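Structure assessment
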Amino acid sequence: MKISITSGSGTGPTELAAFDDALMKAGTANFNLIVLSSMIPPGSEVVVSKDPVVPPGDWGDKLYVVMAEQRTSQHHQEAWAGIGWVQNAQTGKGMFVEHHGHSEEHVTDDIKATLKSLMAGRPDEEFGEIHMQLCNAKCIGEPVCALVVAAFESSGWSSR
């Protein structure tokens, strides 16, 4: 399985509109997002993209994601979102964590601390180095949203 990590920062007249703008910039706005917890299945490849990644599928399809997002409408406040992950180099299995806050240091520290704790709880597994993808936005006028998405796969709706 290929898991694509993309990010986007958005603005809008409301925090929800800023969230939608961030989803547009990440390429995932036209899907119904199904948020997963944290497990990366064996055989997975995690790929980070600087450009929007539009998963295959149609308008309104389900898209399974791990997602971090932070919104703010407070003038001069920063919004930071990040996803961190570790994987076993041999099997590809691993773990994602997602954090958000108002500073890069806070989000980075939380990602590292959480992944270290999750790895310590699984002493029989060998995980590689910690990777992370961060996104930020600063509220200068309109509300903002910082978003990082790990998109697993999309699926349509079955008719009954």
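Look above for the structure.
The structure presented is a predicted model; accordingly, all values stated were derived computationally and were not measured. (Residues numbered from 1 in each chain as written. Predicted model: local features only at pLDDT ≥ 70, side-chain atom pairs only at ≥ 80, totals over all residues. Heavy atoms only, no water.)

Each disulfide is one covalent bond, formed between the sulfur atoms of two cysteines. Scanning all chains against the criterion turns up zero disulfides. Here C139 stays unpaired: no disulfide links it, and the sulfur of C145, its closest cysteine neighbor, is 12 Å away. Looking at C139, the relative accessible area reads 0%, which means it is buried. There is no disulfide at C145, and the cysteine sulfur nearest it, in C135, is 8.0 Å away. (Disulfide = S-S within 2.5 Å. Buried < 20%, exposed > 50% of the residue type's maximum accessible area, 1.4 Å probe, protein only.)

What follows concerns the nonpolar core. Core analysis: the largest hydrophobic core is formed by 19 residues, its most contacted members being I5, I83, W85, F96 and A150. When residues of this core are traced back to their parent elements, those giving at least two are β1 (2-11), β5 (62-72), β6 (78-87), β8 (131-138) and β9 (144-155). Here the element with the most residues in this core is β9; it accounts for five residues. In contact with I5, other than residues within four places in its own chain, are V46, V47, V48, S49, W85, F96, Q133, V148, V149 and A150. Core analysis: the next-biggest nonpolar cluster, separate from the first, contains 14 residues, F19, L23, A26 and A151 among them. (Core = buried A, V, L, I, M, F, W, Y, C linked by side-chain atoms within 4.5 Å. Helix = DSSP H or I, 4+ residues; strand = E, 2+ residues; numbered from the N terminus. Contact = heavy atoms within 4.5 Å.)

On to the pairing of β5, then. Burial analysis of β5 places eight of its 11 residues in the buried class, the great majority of the element. Taken together, the four bridges between strand β2 (residues 32-35) and β5 define a ladder with parallel strand orientation. Paired with L33 across the bridge in β5 is L63. By the bridge criterion, 10 bridges tie β5 to β9 in an arrangement that is antiparallel. Looking across to β9, one finds that M67 is bridged to V149. (Pairing = 2+ DSSP bridges.)

It is worth spelling out the sheet that holds strand β3 (residues 39-40) at this point. Read from one edge of the open sheet, four strands run β3-β7-β6-β8, paired in antiparallel fashion. At either margin of the open sheet sits one strand with a lone partner, and together these are β3 and β8. Pairing between β6 and β8: eight bridges, direction antiparallel. When the bridges of β8 are listed, G84 appears paired with M132. Contacting β6, β7 (94-101) and β8, helix α2 (residues 104-120) crosses the sheet at an angle of about 150° to β7. (Axes fitted to C-alpha atoms, helices over the stretch in contact; angles between N-to-C directions.)

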